[in-house]
Amino acid sequence: MTEPHDEQQLTIQQNQWQKLPLIAIVYFSFNLLRQIVGQFIYLIPALLIGYSTIIESLPEAIAGALILLGVVLGSSWLKFHFYRFRLSHDHIQIRSGVLSKKHLDLPFHRIHNVKLEQPLFYRPGNHTCVVLDTAGSSKDEAKIFALPMQQALSLKSAIVHFASQPAASNGAPENEAADPSVPVTEPQEVELNRRSLSDLVIHGVTSNRIWIFLGGLAPFFDNIFEWLSELLLSSGMDLKALLDPSQQSLWQYSMTLLTLVFMAMLLLTIFSVLGAIINFYGYRLSRLNDRYIRRSGLFTRHEVSMRRSRLQMLVRRQDWLDRLIGRINLKLEQFNANIEHGQMMMLNNKIIVPSIKADECDALLQDIYPENRLSEIDYQPVDRRFLWRHCLFALLLHAGIALLLAPEAMATLITGLSLLLVSTLIYLRWKRWGFAIDNNFIYIRKGLFGVDYYSFALSKIQQTRFAQSIWMKPYNLCSVTLILACGGQSIPFIRCQQGRQIINIGLFEVEAHKASWM
Amino acid sequence: MHTEEFVNSPINELPDIETLEFTPLPPLYRKLNLLTNLCLFLFLLLATVALQWQSWMTLPLVISVNMDTIRFGLSLAAVVIPGYLYLADKRKGYALRQHDLSYRSGLIFISVTTQPVLRIQHVELKRGPIERKAGLASLQVFSAGGAMHTFAIPGLPLAKAKQIRRFILEHKDIAQHD
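Residues numbered from 1 in each chain as written. Chains lettered and ligands numbered in written order. Predicted model: local features only at pLDDT ≥ 70, side-chain atom pairs only at ≥ 80, totals over all residues. Heavy atoms only, no water.

Draft legend 1. Fine view of the interface of chain B and chain A. Residue-level contacts link 31 residues of chain B with 30 residues of chain A. Taking both partners together, chain B and chain A bury about 2,800 Å²; carbon and sulfur atoms supply 59% of that area. Looking only at chain B, the three residues that lose the most surface to chain A are B:Ile17, B:Arg119 and B:His149, adding up to 22% of its buried area. Counting the contacts that link chain B with chain A gives 1 salt bridge. Where B:Glu18 meets A:Arg500, a salt bridge forms, and the shortest distance between an N and an O atom there is 3.5 Å. Our count for the contact surface shared by chain B and chain A stands at 12 residue pairs in polar contact (both at pLDDT 80 or more). When residues of the side of chain B that touches chain A are assigned to their parent elements, the largest contribution, 8 residues, is made by strand E4 (residues 109–116) of chain B. Among the residues making up the side of chain B that touches chain A, the classes are represented as 14 nonpolar, 11 polar and 6 charged. (Contact = heavy atoms within 4.5 Å. Buried area = accessible area lost by both parts, 1.4 Å probe. Salt bridge = Lys/Arg side-chain N within 4 Å of Asp/Glu carboxyl O. Polar contact = N/O pair within 3.5 Å; in protein donor to acceptor, adjacent residues only side chain to side chain. Helix = DSSP H or I, 4+ residues; strand = E, 2+ residues; numbered from the N terminus. Nonpolar A, V, L, I, M, F, W, Y, C, P; charged D, E, K, R; others polar.)

Shown next, in the form of structure tokens:
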């Protein structure tokens, strides 16, 4: 079916309608099957219950399965048959559709991301699926379902080369980008980071936060349990009797409980580690001119690339466990057109560098934004009325509960302790809040046990919001929200002058310099 | 409509959002809103009467016993909520500068949203049946910040809304980027 010369040529035929390699049928079938399974997932229990009936009428069931398979293969073949694409020097055209025909004409300059996906079944023949993201809706997204790897790479470099030309003429420092002598031969890629298996295991463990927290508490479970049951006993509730109807001793019971909790935690940690390995196996972050490329994946190999100009915000995350072992998760967030498509899309759209060390993080930051001072700038605290306000809220809430439980002295004590705990958490949160601004960037620090830094260029601001309640006004305080293409960031309880200054400088930067945000 | 040169003032004389002069929304808008809200509560009060007098179904005991309390609550809300909204509507306003559009709202929590024209993706005029009758329109402004951060200036006189829309569409920042 396919033209045989397809496989041999390194460059793609221009101005000629082409078909996909045959292997694309597998891709179509797989996708269709996945959709069907996804649609009828709620039928699985029914199938399991009706297992015996299925066994009884085995021939019919097999016939049904074969018909389904036939339909899937047939429609995949039709899809494959009607799919054609054509490349010219600056745009790609795709004709597809069996019943309703679609014709997509996509100029290269509208493509802002080229992703290569290599599912497991594409590996033997070294094929890949090319996803062309545009800034528009997902309907405009183009997919070339299968291409030999070499062709895909040359197509990608052609698009990348085309896209980087206007940037170079804007005075970007990457002079190589405008060099016309590198159309198909790969320009040298600089490898910036690589994650080993042990890094991924660390990432899996540290990103499994709640369970680790419980794990840390595990040695004290018995004491906590004792203390709690005593407490409840003195307020008229016999926990032991409640939990122990068969008269087994408490230590047996709690040991069983403890073992179960441990097993669950171990299981979840293993899942988390497996998840990290599946997602990030063979992780490589590299840079080609001004384009950052992340490649990873155990089964389906994902390749996400992002031009520096598309980068909206840097996020440097450290949970308390990360802080303890000195690891950092760095995220490069870009424009989020698919925000309503849920987490999966978002995950594929940003570049995450998992569990790196501080020096690696600094080196990456230096490479991305040399003027960025995220790690060394002085952060200004937010006003302490942030603390008072939130504590007052907590106090009112607790007072309400205490009033309801008024006669019980022990209940009041528990409410008091809870208030103390909540206030401590609010204090920690307040201590973490910080912000800074310099000529090019805004920096925000927040967190509770961990600490997260956010930084973005002033020119990426889409919209600003200055907010003030009537209780903030007398103290000359305000909250500022800066909206970017990847979501908003707020700084609460800062001086009005500071808030206005941030907004004024941000607006000035956007409106006067007219920098593009992508 | 606007000059070709951008006035690039030095950083110590930044254009300040504090000096923005907001144009309030036309009084007709808040009066209409007040009327609509009052009608809503009147309808709810009438519904309680209708519920008591109808004979097709028996009301749950909780409701039939507390009918008077419910009516009292509704009447109280009918004074407080539309009153609050009326005062809040009075505070709403917009300000148009050469390069951005601002919208102020809120009575207790006051917020000023500023949208640079350069970052506007598109604008829409929306008119419901009441707005059409009254000759008003809402101007919706979309940025790349996503659906969460879209803002609308309601109750603009139609001519004014169209004028602002034209200003945005003909702004050289937008025209350049299309």
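Draft legend 2. Spotlight on the sheet that holds strand E5 (residues 120–126) of chain B. Residues and elements named next belong to chain B. One open sheet holds the 3 strands; their spatial order is E5-E6-E7, and the pairing between them is antiparallel. Lying at the two open borders of the sheet, with one neighbouring strand each, are E5 and strand E7 (151–157). For this sheet, the mean inter-axis angle between neighbouring strands, taken without regard to orientation, is 20°. Where strand E6 (residues 136–143) and E7 come together, 5 bridges link them in antiparallel fashion. Counted as the bridge partner of Ala137 is Leu156 from E7. (Pairing = 2+ DSSP bridges. Axes fitted to C-alpha atoms, helices over the stretch in contact; angles between N-to-C directions.)

Draft legend 3. Up close: the packing of aromatic side chains. Residue and element names in this part refer to chain A. By the definition in use, this model includes 17 aromatic pairs over all chains. Arranged with centres 5.6 Å apart and planes meeting at 55°, the rings of Tyr27 and Phe145 form a pair that is tilted. Placement of Tyr27 in helix H2 (residues 24–39) and of Phe145 in strand E6 (residues 142–148) is noted, with a sequence separation of 118 residues between them. Of the two residues, Tyr27 and Phe145, both sit in the buried class. Plain terms: the ring middles of Tyr379 and Tyr443 are 6.5 Å apart, the flat faces sit at 85° to each other, and that makes the pair edge-to-face. A residue pair is termed long-range when its members are at least 10 positions apart, and Tyr379 in the loop between helix H14 (358–368) and strand E14 (380–381) and Tyr443 in strand E16 (residues 441–446) qualify at 64 residues. By the ring-pair criterion, three or more aromatic residues cluster together here, those being Tyr27, Phe28, Phe30, Tyr83, Phe121, Tyr122 and Phe145. (Phe/Tyr/Trp six-rings, centres within 6.5 Å; stacked < 30°, edge-to-face > 60°. Buried < 20%, exposed > 50% of the residue type's maximum accessible area, 1.4 Å probe, protein only.)

Draft legend 4. Structural detail: helix H5 (residues 158–170) of chain B. Residues and elements named next belong to chain B. Over its 13 residues, H5 runs 18 Å from end to end, which matches the ideal 18 Å to within 8%, given 1.5 Å per residue. For H5, the set of buried residues is Ala161, Ile164, Phe167 and Ile168. The arc that holds the buried residues of H5, viewed along the axis, is 125°, so those residues lie on one side. (Expected span 1.5 Å × (residues − 1). Arc of directions from axis to C-beta.)

Draft legend 5. How the structure looks around a nonpolar patch on the surface. Residue and element names in this part refer to chain A. Together, Leu33, Tyr51, Ile55, Leu58, Ile62, Leu66, Leu68, Leu69 and Leu73 give the surface a local cluster of nonpolar side chains, amounting to about 820 Å² of exposed area. Only helix H4 (51–56) and helix H5 (58–82) provide two or more residues apiece to the nonpolar patch. For the nonpolar patch, the element with the most residues is H5, which contributes 6 residues. Leu58 gets classed as partly exposed once you look at its relative accessible area, which sits at 39%. (Patch = residues over 30% accessible without salt bridge, like charges linked within 9 Å, V, L, I, M, F, W, Y side chains within 5 Å. Areas by Shrake-Rupley, 256 points an atom, 1.4 Å probe, with all protein chains shown as cover.)

Draft legend 6. Region of the structure containing unusual backbone geometry. Residue and element names in this part refer to chain A. One non-glycine residue, Asn476, lies in positive phi territory at about 60°. Take Asn476: it is sitting in the loop between strand E18 (463–469) and strand E19 (477–484). Classification of Asn476 as partly exposed rests on a relative accessible area of 32%. Of note, Lys514 is a non-glycine position whose phi angle comes to about 50°, a positive value. Position of Lys514 among the secondary structure elements: in the segment after helix H17 (496–513).

Draft legend 7. Structural view of the UniProt feature "transmembrane region" (unreviewed entry) in chain B. Residues and elements named next belong to chain B. Residues given the UniProt feature "transmembrane region" (unreviewed entry) here are residues 34–57 and 69–87. Note that residues 34–57 is 83% helix and 0% strand, and that its end C-alpha atoms are spaced 34 Å apart. As a span, residues 69–87 carries 100% helix and 0% strand, and end to end its C-alpha atoms are 27 Å apart. (UniProt positions renumbered as here; feature names shortened; annotations may be inferred.)

Draft legend 8. Structural view of the side chain of A:Thr128. Residue and element names in this part refer to chain A. By secondary structure assignment, the location of Thr128 is in strand E5 (residues 127–134). Polar contacts involving the side chain of Thr128 include one to the main-chain carbonyl oxygen of Glu117, which spans 3.0 Å. The residues touching Thr128, leaving out its near neighbours within four places in the chain, are Leu116, Glu117, Gln118, Tyr122, Ile144, Phe145, Ala146, Leu147, Met149 and Ala152.

Draft legend 9. The arrangement of the pattern of salt bridges in detail. Residues and elements named next belong to chain A. For the coordinates displayed, the defined rule picks out 19 salt bridges over all chains. Where Glu191 meets Arg284, a salt bridge forms, and the shortest distance between an N and an O atom there is 2.9 Å. Taken together, the positions of Glu191 in strand E7 (residues 190–194) and Arg284 in strand E8 (residues 284–288) put the pair 93 residues apart, joining distant regions of the chain. What you see here is one network of salt bridges that share partners, running through Lys156, Glu189, Arg295 and Glu303.

Draft legend 10. Fine view of the sheet that holds strand E11 (residues 311–318) of chain A. All names here are of chain A. An order of E13-E12-E11-E17-E16-E15-E14 is seen for the 7 strands of this open sheet, with the pairing classed as antiparallel. In the strand order of this sheet, the two ends are held by strand E13 (351–356) and E14, each with one partner. Across 5 bridges, E11 lies against strand E17 (residues 451–457) in antiparallel orientation. Bridging from a neighbouring strand, Val315 pairs with Tyr454 of E17. Helix H7 (residues 197–206) contacts strand E12 (328–334) and E13 of the sheet and is inclined by roughly 95° relative to E13. Seen against the sheet, helix H16 (residues 409–432) touches strand E15 (434–437), E16 and E17 and runs at an angle of roughly 160° to E16.

Draft legend 11. Examining the pairing of strand E10 (residues 301–307) of chain A more closely. All names here are of chain A. The buried fraction of E10 amounts to 6 of the 7 residues, a majority that puts the element mostly inside the structure. The pairing of strand E4 (residues 111–118) with E10 spans 3 bridges and is antiparallel. Bridging from a neighbouring strand, Glu117 pairs with His302 of E10. Taken together, the 6 bridges between strand E9 (residues 291–296) and E10 define a ladder with antiparallel strand orientation.

Draft legend 12. Focus on the environment of A:Phe28. All names here are of chain A. Within the secondary structure layout, Phe28 lies in helix H2. A residue is classified by how much of its surface remains accessible, and Phe28, at 5% relative accessible area, is buried. For the pair Phe28 and Trp77, spaced 49 residues apart in sequence, the C-alpha separation works out to 8.1 Å. Residues in contact with Phe28, not counting those within four places in the same chain, are Leu20, Ser76, Lys79, Phe80 and Phe145.

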